[in-house]
Amino acid sequence: MTTRTQTRDPAGRLALNQILQGDCIEIMRSLPEASVDLIFADPPYNLQLRGDLHRPDNSRVDAVDDHWDQFSGFAAYDAFTRDWLAAARRVLKPDGAIWVIGSYHNIFRVGTELQNQGYWMLNDVIWRKSNPMPNFRGKRLTNAHETMIWASRSEGSRYTFNYEALKSLNEGVQMRSDWVLPICTGGERLKDAAGDKAHPTQKPESLLHRVLIGTSNPGDVVLDPFFGTGTTGAVAKMLGRNFIGIEREEAYIQAAKRRLARIRPYDGMAIATTTSKRSEPRIPFGQLVERGMLRPGEELYSIGNRYTARVRADGSLIGNDVKGSIHQVGAALEGAPSCNGWTYWHYRREGKMVSIDALRQQIRAEMENRPN
């Protein structure tokens, strides 16, 4: 892991898995155009704090009062937002997408600028904190959530969305747009040499895990222009994604480098994501016949053995004088409008009934493991 100010290696390729130190706008403008698959951005929130914040016992709250979160006014913040979003859109691939996280202080201004620049809104996601910081002054509601905006580069972008993978994360139920996850605490919270928070707004790895699993693929390039202590990079490294981090503050960079040095990627099988049936390669039934996995004249059996049909050399079936595809013959025999022939028909091997879909999956597995 190195920290560099240059953005390409000697061969002219994009420098990956590195932290680039400097102003995010300038660095993004120097990156190759259309080179990034996904951006996760956690920009300054412009909290507009006025004075110190204290608990009821008068102890001081370690709130966000760093210089990087301070702007002279809304006009200055809007200009900053306009410039970094324009630089980000330039480096996104045509089918790329962006996530921006913020609070009520800034997310509405960011959302307006996203639309002004031609990004296409996909979802807003409410991160509901299961353990939020209480409101010590007792003059407002406890701020128990942050908002994330997910947008594609443009209206026609064919962005990545791993629907089935997110469904698997959610116990087989479609993922909703409200995510209940804890804030970063305990052993995950990075500390400096004095034992204080290394970064005041460190995001939990669980949040980035869900974002990257759902909207990127192994090998993708993920850019974080406000890298901080490297949560995006740590999760990207674990999940087999490439990252580019941009950060100005030397203390954050050093904390991120120490953190990333401890990360070990998961193996290839572990990071594979669940895909939809529609995205799997199409295997014609006739290919099973061509490869000798089923023989012409071999008998197939319906679910429950109510009907039989014979395989023909051209990949069709014939049963009870009905001829056609595995789907057409199954539907005709059942008197149904349609039939999934892959799960309906079975063949006999060593006295056992086996679904013909097992043969289809065998071919798909061979295709996935074939050397490039």
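The name given to the protein chain in an unreviewed UniProt entry is Methyltransferase, with the source organism recorded as Paracoccus pacificus. Reading the Catalytic activity (unreviewed entry) entry of the UniProt record for the protein chain gives the comment "a 2'-deoxyadenosine in DNA + S-adenosyl-L-methionine = an N(6)-methyl-2'-deoxyadenosine in DNA + S-adenosyl-L-homocysteine + H(+)". Of the protein chain, the UniProt comment under Sequence similarities (unreviewed entry) reads exactly: "Belongs to the N(4)/N(6)-methyltransferase family."

### Points about helix α2 (residues 74-91)
An ideal rise of 1.5 Å per residue puts 26 Å on 18 residues; α2 measures up with 26 Å between its terminal C-alpha atoms. Those residues of α2 lying buried are Y77, F80, T81, W84, L85, A87, A88, R89 and V91. Contact partners of the buried residues in α2: α1 (24-30), β3 (36-41), β4 (92-102), α3 (107-116) and β8 (221-224).

### Things to note about the pattern of salt bridges
Scanning all chains against the criterion turns up 12 salt bridges. In this structure, R176 engages D178 in a salt bridge whose closest nitrogen and oxygen atoms are separated by 2.9 Å. Residue classification places R176 among the exposed positions, given a relative accessible area of 56%. According to the relative accessible area criterion, D178 is partly exposed, its value standing at 31%.

### Notes on unusual backbone geometry
Positive phi, normally seen in glycine, also occurs at E171, with a value near 55 degrees. Within the secondary structure layout, E171 lies in the loop between α4 (163-169) and β7 (178-181). Classification of E171 by relative accessible area gives exposed; the value is 78%. For N305, which is not glycine, the phi dihedral falls at a positive 60 degrees. Structurally, the position occupied by N305 is in the loop between β10 (299-301) and β11 (308-311).

### Details of the packing of aromatic side chains
Throughout the structure, instances matching the rule amount to 11 aromatic pairs. Consider the rings of W84 and F226, whose centres lie 5.2 Å apart with planes at 85 degrees: the pair is edge-to-face. Taken as a pair, W84 in helix α2 and F226 in the loop between β8 and α6 (231-238) lie far apart in primary sequence, 142 residues in all. Both residues of the pair, W84 and F226, belong to the buried class. Geometrically, the ring pair formed by W150 and Y159 is edge-to-face, given 5.4 Å between the ring centres and 85 degrees between the ring planes.

Cut-offs and rules
Residues numbered from 1 in each chain as written. Predicted model: local features only at pLDDT ≥ 70, side-chain atom pairs only at ≥ 80, totals over all residues. Heavy atoms only, no water. UniProt positions renumbered as here; feature names shortened; annotations may be inferred. Helix = DSSP H or I, 4+ residues; strand = E, 2+ residues; numbered from the N terminus. Expected span 1.5 Å × (residues − 1). Buried < 20%, exposed > 50% of the residue type's maximum accessible area, 1.4 Å probe, protein only. Contact = heavy atoms within 4.5 Å. Salt bridge = Lys/Arg side-chain N within 4 Å of Asp/Glu carboxyl O. Phe/Tyr/Trp six-rings, centres within 6.5 Å; stacked < 30°, edge-to-face > 60°.

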